[in-house]
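# Observations on the three-dimensional arrangement
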Amino acid sequence: MKKLHVFSFWDRLQAGLLKEILAGEGIACILRNDQLSSALGEIPFNECSPELWVIDDETYPRAKLLLTGWLKNDNTNGEPWVCPHCGEHCLPHFGACWSCGTERE
């Protein structure tokens, strides 16, 4: 098992989302420390950060590549876009059209 990424305390939801994205790609992961927010103060804050771990070491390089690509293409502050296939207006953080599934260009 290898540690893939350490998230900030405030990125706990993003950690869960990325875990599910990797699971959809067939990469088994676990989240550690994702429920330690209630112990903050009793435990040092730097030990309460959520950590994403890949279970199978052989899938680590692929998981790292997917995670890096996803974090690099995080378009949450970008502009909304229009699907070239169905014309649906999509929010910037969608990598594919929510209506028809066509991937963003």
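The structure this text deals with has already been given above.
What this report covers is the structure whose coordinates are included nearby. (Residues numbered from 1 in each chain as written. Predicted model: local features only at pLDDT ≥ 70, side-chain atom pairs only at ≥ 80, totals over all residues. Heavy atoms only, no water.)

### Comments concerning the overall build of the protein
- Looking only at helices and strands, one finds two helices and five strands in the protein.
- Secondary structure elements of the protein, listed N to C terminal, follow the sequence β-α-β-β-α-β-β.
- In the protein, the share of contacts with a sequence separation of at least 24, taken over all contacts with a separation of at least 6, comes to 47%.
- A total accessible area of about 7100 Å² is found for the protein, and carbon and sulfur atoms account for 53% of it. (Helix = DSSP H or I, 4+ residues; strand = E, 2+ residues; numbered from the N terminus. Contact = heavy atoms within 4.5 Å. Areas by Shrake-Rupley, 256 points an atom, 1.4 Å probe, with all protein chains shown as cover.)

### So, the environment of His 93
- Relative to the elements of secondary structure, His 93 occurs in the segment after strand S5 (89–90).
- A residue is classified by how much of its surface remains accessible, and His 93, at 45% relative accessible area, is partly exposed.
- Between the C-alpha atoms of His 93 and Pro 80, which are 13 residues apart in sequence, the distance is 8.3 Å. (Buried < 20%, exposed > 50% of the residue type's maximum accessible area, 1.4 Å probe, protein only.)

### Quick word on the nonpolar core
- Of all hydrophobic cores here, the largest spans 12 residues; its members are Leu 4, Phe 7, Ala 15, Leu 18, Leu 22, Ile 27, Cys 29, Leu 31, Leu 52, Val 54, Ala 63 and Leu 67.
- Those elements that place two or more of their residues in this core are helix H1 (12–24), strand S2 (29–32), strand S3 (51–54) and helix H2 (60–72).
- Here the element with the most residues in this core is H1; it accounts for three residues.
- Ignoring anything within four residues of it in the chain, the contact list for Ala 15 reads Phe 7, Leu 31 and Pro 50. (Core = buried A, V, L, I, M, F, W, Y, C linked by side-chain atoms within 4.5 Å.)

### Considering the sheet that holds S2
- Taken together, three strands build an open sheet; the order of strands is S1-S3-S2 and the sheet is antiparallel. If you trace the sheet from one side to the other, it starts and ends with strand S1 (2–6) and S2, each paired once. Recorded for the sheet is a direction-independent mean angle of 30° between the axes of neighbouring strands.
- Those strands touched by H1 are S1, S2 and S3, and its axis lies near 165° from that of S2.
- The strands touched by H2 are S1 and S3; relative to S1, the strand with the most contacts, the crossing angle is about 5°. (Pairing = 2+ DSSP bridges. Axes fitted to C-alpha atoms, helices over the stretch in contact; angles between N-to-C directions.)

### Notes on the packing of aromatic side chains
- Using the criterion set out here, one finds zero aromatic pairs in the structure.
- Lying over the aromatic face of Tyr 60, Lys 2 brings its terminal NZ or CZ to 5.1 Å of the ring centre.
- The ring of Trp 53 is capped by Arg 32, whose NZ or CZ atom sits 4.5 Å from the centre of that ring. (Phe/Tyr/Trp six-rings, centres within 6.5 Å; stacked < 30°, edge-to-face > 60°. Lys NZ or Arg CZ within 6 Å of the ring centre and 35° of its normal.)

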